[in-house]
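Descriptive analysis of the structure
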Amino acid sequence: MTPPESNPVAPQFIVRNYDTSQVPVYVDTSTPFFFVLLEGEITVAYDSFPALTVHPGECLMVMRHSCYRMTVVKPSVGIRVLHTDYLVQNFYRRFGNLTDLLPKGFDYEFKALPAIPAILRFLESVRLAISDGRSSGRLNNLWSEVLTEMTASYYTPLQVARFLFPLIAGDYDFRHMVIENSLSVKDLPELAALCHMSLSTFKRRFKRTFHSSAHSWIAARKAHFIYSEIVGSRKTFVEIAEQFNISSSAYLTAFCKQHFGMTPQEIRRHGQQSPVVVDATPIHNAVAL
């Protein structure tokens, strides 16, 4: 994949504060972003990859519409950088074609970029400026340029290419098509048809791209977003069932019991009893990382 030719939107730096959570929190991934933990400790599980413990200074990449589950081990503060295309373009200008740096047959692993004290101190200053109400479009542009240069100075090109692999991989278009449509289709044959593939070819391509069977990955993904809708919206269970192409509220109940060990009513009641607050807005167990 090459970076977009159009002029992407400049990054926006946003500070997030998190209280300790006793259970995994389902992360809002409606937009992609980079996330750096400034203080505290969290664990994050991504799609079918095992949970990863994140410490101050470490950086994660959050893909659009992916399944992230976060547990806040200690009270934490993080900073997220929206509009990843802008930074990816900067890295291409700095390093050239990043995909050429990856070894043949490279197999992606969900890992954080290691902490760099100088970058952590820079982002702490960004956090202070935002807290002081000094964030602006011009400053966000400058911060993104500094972050690009510091990343290029402290990490190797191969480290950056490995980290950005889901955004730059040759199968990006296929991954994007699957992620954007996996919740709206009725079954795998329909999703395979959208990707202009036979079912057998689709399954092989899916396994190679997502390191999981299509059936189990889509079921886990559907469970992620159903849970988020139950605890984070006021939709009726019939509306939620219709949204995810589930034939009835009775089948939704069976689905929830299978994946969560609770009925939809129990899930919603549990979410109302232990809301997670982000930006002073209670959205229960669906948060913006």
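Here the structure is a predicted model, which means the values were calculated and not measured. (Residues numbered from 1 in each chain as written. Predicted model: local features only at pLDDT ≥ 70, side-chain atom pairs only at ≥ 80, totals over all residues. Heavy atoms only, no water.)

The next point concerns the nonpolar core. In this structure, F34, F110, L123 and L164 are the most contacted members of the largest nonpolar core, which totals 60 residues. Not counting residues up to four positions away in its chain, the partners in contact with L164 are F34, M61, V88, F91 and L98. Formed by 18 residues, the second largest nonpolar core is a distinct cluster that contains C67, A241, F244 and I246. (Core = buried A, V, L, I, M, F, W, Y, C linked by side-chain atoms within 4.5 Å. Buried < 20%, exposed > 50% of the residue type's maximum accessible area, 1.4 Å probe, protein only. Contact = heavy atoms within 4.5 Å.)

Within this structure, the stated rule accounts for six salt bridges. Residue E41 pairs with K74 through a salt bridge whose shortest N-O separation is 3.7 Å. With E41 in strand β3 (residues 33-46) and K74 in strand β6 (residues 68-82), the pair connects residues that are 33 residues apart, well separated along the chain. The exposure class of E41 is buried, given its relative accessible area of 17%. With relative accessibility at 45%, the residue K74 sits in the partly exposed group. (Salt bridge = Lys/Arg side-chain N within 4 Å of Asp/Glu carboxyl O. Helix = DSSP H or I, 4+ residues; strand = E, 2+ residues; numbered from the N terminus.)

With that settled, consider helix α8 (residues 199-210). For α8, with 12 residues, the first-to-last C-alpha span of 16 Å sits near the 16 Å given by 1.5 Å per residue. Here α8 has its buried residues at F202, F206, T209 and F210. Viewed end-on, α8 has its buried residues packed into an arc of 70°, placing them on one side of the element. For α8, the exposed residues set more than 90 degrees away from the buried face come down to R204 and R208. Packing partners of the buried residues in α8 comprise α6 (172-181), α7 (188-194) and α9 (214-232). Where α8 terminates, the next one or two residues include H211, which has phi positive at roughly 55°. (Expected span 1.5 Å × (residues − 1). Arc of directions from axis to C-beta.)

Taken as a whole and judged by the stated rule, the model has two cavities of 30 Å³ or more. If you go around the largest cavity, you meet 16 residues; those closest to its centre are V36, C59, L113, L147 and T151. Counting only elements with at least two residues in the lining of the largest cavity, the list comes to β3, α1 (84-95), α2 (117-131), α3 (137-154) and α4 (157-163). Broken down by class, the residue content of the lining of the largest cavity amounts to 14 nonpolar, two polar and no charged. A volume near 50 Å³ is recorded for the second largest cavity. Lining the second largest cavity are Y46, D47, F49, Y108, R175, T209, F210, H211 and W217. (1 Å grid on protein atoms, 1.4 Å probe; cavity = no way out; pocket = protein on both sides within 12 Å on 5 of 7 lines; lining within 4 Å. Points joined across faces, edges and corners; volume = space filled by probe spheres on them. Nonpolar A, V, L, I, M, F, W, Y, C, P; charged D, E, K, R; others polar.)

It is worth spelling out the packing of aromatic side chains at this point. What the rule picks out here adds up to 11 aromatic pairs. Seen in terms of ring centroids, F13 and W143 are 5.6 Å apart; in terms of plane orientation they differ by 75°. Their pairing is edge-to-face. Of this pair, F13 sits in strand β1 (residues 12-18) while W143 sits in helix α3, and the two are 130 residues apart along the sequence. Judged by its relative accessible area of 8%, W143 is buried. Relative to F35, the ring of Y18 has its centre 6.3 Å away and its plane inclined at 65°; by these criteria the two rings are edge-to-face. Placement of the pair is Y18 in strand β1 and F35 in strand β3, with a sequence separation of 17 residues. (Phe/Tyr/Trp six-rings, centres within 6.5 Å; stacked < 30°, edge-to-face > 60°.)

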